[in-house]
Amino acid sequence: MRLSLHIPEPTSRPGDPHDFARLEIPPAGAIPQPRNDVSPADIRDLAFSLVRVLDEADQAVGPWDPKLKPEVLRRGLRAMLLTRAFDERMFMAQRQRKTSFYVKCTGEEAIACAQALVLDRADMCFTTYRQQGILITRGYPLIEMINQIYNNARDPLKGHQLPILYSARNYGFFSLSGNLGTQYSQAVGWAMASAYNGGDLIASAWTGEGATATGDFHHALTFAAVYRAPVILNIVNNQWAISSFDGIAGGEAATFAARGVGYGLPALRVDGNDFLAVYSASRWAAERARSNLGATVIEFVTYRGEGHSTSDDPSKYRPIDSARHWPLGDPIERLKQHLIAIDAWSKAQHEALTAEVTQEVRVASNAADAIGTLGTSRPPLTAMFEDVFGEPDARLARQRHALGL
Amino acid sequence: MAMSMVQALNSALDVMLERDPNVLIFGQDVGYFGGVFRVTEGLQHKHGIRRCFDAPIAEGGIVAAAIGMAAYGLRPVVEIQFADYILPAYDQLVSEAARLRYRSAGEFWVPLVVRAPYGGGIFGGQTHSQSPEAIFAHVAGLKTVIPSNPYDAKGLLISAILDEDPVIFLEPKRLYNGPFDGRHDRALASWAQHPTGDVPPGFYTVPFGKAAIVRAGADLTVLAYGTMVHVARAAIEESGFDAELIDLRTLVPLDTDTIAASVRKTGRCVIVHEATHTCGFGAELLAVVEEACFYHLHTPTERVTGFDMPYPHAFEWEYFLTPRRIIDGIKRVMSV
């Protein structure tokens, strides 16, 4: 027999009908919830299933229902709406050349926002550029985010870093690298340090499914398993890494949650567009970590609603409007319908809240505009020479002097 | 107190484990066993497994975990078993450790020490002999340190652990157990008989950015670091010239003042390193000499370095710098 090389290809390309048949969707409530001190060996099947709470009638059902009070759900809804409004505004700002670059998280809001509500605010999150929902849920000032995005005179990062690669230590938000995968294993080290110190904080590590292919991802799982680090190892499977579908990262052969199984880590696979399922799985993993039982891998299955970034055009490689056909729906719409179904929300309230968060973003955006946008305002040039080392460096002093500063 | 370089490094780690509960050590085989070169011997037994433990064979993972720990507030000291194995961690060092302070505008920083034995002369071939200092000295945000004797090794390692920024600490493994001077056909001298083998048992530091004048001289300046300090010294003594020998101790930060003062005085300079020639740290030193001393130079500066090839196993003593090639270099700068 002659050999042939297999190159994975998605089931649909531009012009093709939408095809998500590969995604198996069990009914909501069908997956059992183990105690969180369970042996990972006893729950391997959870890495191949899909935890879902919200059913077709918008009711919360089954053992993973976190049974949250309506006010918590409304907080989550508000955080998601605010995140989406912020994304819309910043996308437009990029189109208006107020910044060079922006990344939206449209369709993935539930994942960051729900987990942020579960975590302690000092639990350190090592995110990718698509978890702005964590900062927003934790109440980080929107204007600070925009000042950073504009690299203006009030940029908290002094113009040192690309737009959206925030750092907010006091909000448990680790400096974003922009390199993929590298911070996943650092999160494990941070968690090891918390355990070493006998503290009670945990770390939350984030990657997309694409960067699970990096060595850093596997370093992270090895170290997390070996040292039982108190960390949640989140994988946001939004199906796309720029133009590469999840099969290029190995998604045809196994789930991404299944990566954890070989390391002896508990691994959950969760409907990432189901706010209640995300909350519940995150809480399960956080409690397990805080009980000194170590790390949990969670794959959140979702769909990247828009392009990879403002520099991307997804119509070049996937069917137009594919997000609208995604079988797990939209996370904001689903939580809204659930709140309405339990008589804790109304369409009128929803419209009012949408207007409120849009106005909140507009106020912050206008205030940042008044300070200045990319190229019209920036930190003092002397800031360029700061923070290379903690102590003064003779070379930098000479180089700064040569610029006349 | 007489100490070999291994014992001096061990003492530095012991002192810092005792002094600061945030200091911890991990790396391959460093725990119960004490490391393949014995630098961490006894530390786990004395300070507990939590303070000194074994790590998986994943240099990128070791350094990444240490970056996370350092950002948390600990002071990890990790061992890479051979500097040859540090490359899987290069991305973490260059793209992450070196830049975290800058990109976060000072919100996070990385008080991390990466120890790694480097250099040849042990018949280690390609995977146990390399000298990778230049690829670290080139990176903004890293400090690169190479001691040449037990006293400096301890004092510099303590300074490295106290430093708030990432430090690449390269240990000349050929000097671990004696001041090897490149004359491989002779018996290895003992650190016990060497003045720098007299090491205080307690806490002290040797500051970064201060080169040592190992031997004062008037005819020419020889710049060296690590093992080559001893090889150069042997070459100078054999050459009959009155050379000033400078041990750089730290490549970043570099003591350009001491280099400039010496070369302005002597007007001649030979630069020595084990690492391969092209884009080696000697190229930077040559530029420093040219920028600071051009009008004082009597002759072109000479670089005596490793050849531009992978480290060859069967030709150890033709490849490794011995006094002979350094003497040739000295003669060339003295011939004009």
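Residues numbered from 1 in each chain as written. Chains lettered and ligands numbered in written order. Predicted model: local features only at pLDDT ≥ 70, side-chain atom pairs only at ≥ 80, totals over all residues.

(A) A look at the overall build of chain B. Regarding its fold elements, chain B presents twelve helices and twelve strands. Taking 336 residues into account, the globule formula puts the C-alpha radius of gyration at 20 Å, and chain B, at 19 Å, falls close to it. Its C-alpha atoms give chain B principal-axis dimensions of roughly 60 × 45 × 40 Å. When each of the 336 residues of chain B is scored for burial, the buried share is 59%. The long-range fraction of contacts in chain B, counting pairs at least 24 apart against all pairs at least 6 apart in sequence, stands at 77%. (Helix = DSSP H or I, 4+ residues; strand = E, 2+ residues; numbered from the N terminus. Rg over C-alpha atoms; globule rule 2.2 N^0.38 Å. Buried ≥ 20, exposed ≤ 12 C-beta atoms within 10 Å, placed from the backbone. Contact = placed C-beta atoms within 7 Å.)

(B) View of the overall build of chain A. Helix and strand content of chain A: ten helices and seven strands. Taken over C-alpha atoms, the radius of gyration comes to 22 Å for chain A, in line with the 22 Å a tight globule of 405 residues would show. In terms of principal-axis extent, the alpha carbons of chain A reach across some 65 × 55 × 50 Å. Counting only residues that meet the buried cut, chain A has 52% of its 405 residues in that class.

(C) Representation of the domain arrangement of chain B within the structure. When cut into domains, chain B gives domain 1 (5–197) and domain 2 (212–334). Across the side of domain 1 of chain B that touches domain 2 of chain B, the residue classes tally to twelve nonpolar, twelve polar and six charged. (Domains from an automatic or database assignment. Nonpolar A, V, L, I, M, F, W, Y, C, P; charged D, E, K, R; others polar.)

(D) Highlighting the interface of chain B and chain A. Contacts between the two partners involve 34 residues from chain B and, on the opposite side, 34 residues from chain A. Those elements that provide at least two residues to the side of chain B that touches chain A are α3 (59–72), α4 (90–97) and α5 (100–103) of chain B. By residue class, the composition of the side of chain B that touches chain A is 18 nonpolar, eight polar and eight charged.

(E) Here's a closer look at the packing of helix α8 (residues 228–239) of chain B against helix α12 (residues 323–334) of chain B. Residue and element names in this part refer to chain B. Here α8 crosses α12 at 60°, and the two axes come no closer than 8 Å. Classified by the angle between their axes, α8 and α12 sit oblique to one another. With respect to the hand of their crossing, α8 and α12 are arranged in right-handed fashion. Every residue of α12 that contacts α8 at Val231, Ala232, Ala234, Ala235, Glu238 and Ser239 is listed here: Pro323, Ile326, Ile327 and Ile330. Class assignment for the residues of the contact of α8 with α12 results in eight nonpolar, one polar and one charged. (Axes fitted to C-alpha atoms, helices over the stretch in contact; angles between N-to-C directions. Parallel < 35°, antiparallel > 145°, perpendicular 65-115°, else oblique. Left-handed = near helix turned anticlockwise from the far one by under 90°.)

(F) Here's a closer look at the sheet that holds strand β6 (residues 267–271) of chain A. Residue and element names in this part refer to chain A. An order of β1-β2-β3-β7-β6 is seen for the five strands of this open sheet, with the pairing classed as parallel. For this open sheet the edge positions go to β1 (124–126) and β6, each flanked by a neighbour on one side alone. Adjacent strand axes in the sheet meet at a mean angle of 20° when their direction is disregarded. Bridge analysis of β6 against strand β7 (residues 296–301) gives five bridges, and the strand direction is parallel. Directly across from arginine 269, in β7, lies its bridge partner glutamate 299. (Pairing = 2+ DSSP bridges.)

(G) Up close: the pairing of strand β4 (residues 113–118) of chain B. Residues and elements named next belong to chain B. Across the six residues of β4, six count as buried, placing the element largely inside the fold. With burial as the criterion, each face of β4 is covered, one bearing Val113, Arg115 and Pro117 and the other bearing Val114, Ala116 and Tyr118. With three bridges connecting them, strand β3 (residues 75–79) and β4 associate as parallel partners. Along β4, the bridge assignment pairs glutamate 79 with arginine 115.

(H) Spatial organisation of the nonpolar core. Ranked by internal contacts, the top residues of the largest apolar core, which has 225 residues, are A:Val188, A:Ala205, A:Ala224, A:Val231, B:Val222, B:Ala232 and B:Val272. The residues contacting A:Ala205, other than those within four sequence positions of it, are A:Phe126, A:Tyr184, A:Ala187, A:Val188, A:Ala220, A:Val231, A:Ile232, A:Leu233 and A:Asn234. (Core = buried A, V, L, I, M, F, W, Y, C linked by C-beta atoms within 7 Å.)

(I) Layout of the domain arrangement of chain A. What the domain assignment reports for chain A is domain 1 (40–374) and domain 2 (380–405). A straight line from the C-alpha centre of domain 1 of chain A to that of domain 2 of chain A covers 37 Å.

(J) Expanded view of unusual backbone geometry. In the segment running from B:Val252 into B:Pro253, the intervening peptide bond is cis, with an omega of 0°. Considering the arrangement of structural elements, one finds B:Pro253 in the loop between β10 (250–252) and α9 (256–266). One non-glycine residue, A:Asn292, lies in the positive phi region at around 70°. As for its placement among the helices and strands, A:Asn292 is situated in the loop between α7 (275–290) and β7. Its identity is not glycine, yet A:Asp321 carries a phi of approximately 65°, on the positive side. Examined against the element boundaries, A:Asp321 turns out to sit in the loop between β7 and α8 (331–341). You can call A:Asp321 exposed: it has 10 C-beta atoms within 10 Å.

(K) Here's a closer look at α4(B). What α4(B) keeps buried is the set B:Gln92, B:Leu93, B:Glu96 and B:Ala97. Looking straight down α4(B), one finds that the buried residues subtend no more than 110° of arc, so they occupy a single side. (Arc of directions from axis to C-beta.)

(L) Fine view of the environment of B:Arg174. Residue and element names in this part refer to chain B. Relative to the elements of secondary structure, arginine 174 occurs in the loop between β6 (167–172) and β7 (212–215). Residues arginine 174 and glycine 121, 53 residues apart in the sequence, show an inter-C-alpha distance of 6.3 Å. Not counting the four nearest positions on each side in its chain, arginine 174 is found in contact with Gly119, Gly121, Ile122, Phe180 and Thr227.

(M) Layout of the sheet that holds strand β11 (residues 269–276) of chain B. All names here are of chain B. If you walk across this open sheet you meet the five strands as β7-β9-β8-β11-β12, and the pairing is mixed. Single-partner strands in this sheet number two, and they are β7 and β12 (302–306). The sheet shows a mean angle of 25° between the axes of neighbouring strands, taken without regard to direction. With respect to the sheet, helix α10 (residues 281–293) is in contact with β8 (220–224), β11 and β12, its orientation differing from that of β11 by roughly 160°.

(N) Focus on the confidence of the model for chain B. Taken over all residues, the pLDDT of chain B has a mean of 98, while the share at 70 or more is 100%. Confidence metrics for the complex model read pTM 0.98 and ipTM 0.98. (pLDDT = per-residue confidence, 0-100.)

(O) Geometry of the environment of B:Ile236. Residues and elements named next belong to chain B. Tracing the backbone through its elements, the reader meets isoleucine 236 in helix α8. It is 26 Å that separates the C-alpha atoms of isoleucine 236 and proline 132, two residues lying 104 residues apart in sequence. When sequence neighbours within four positions are dropped, the list of residues in contact with isoleucine 236 reads Arg215, Val222, Phe241, Ala243 and Leu245.

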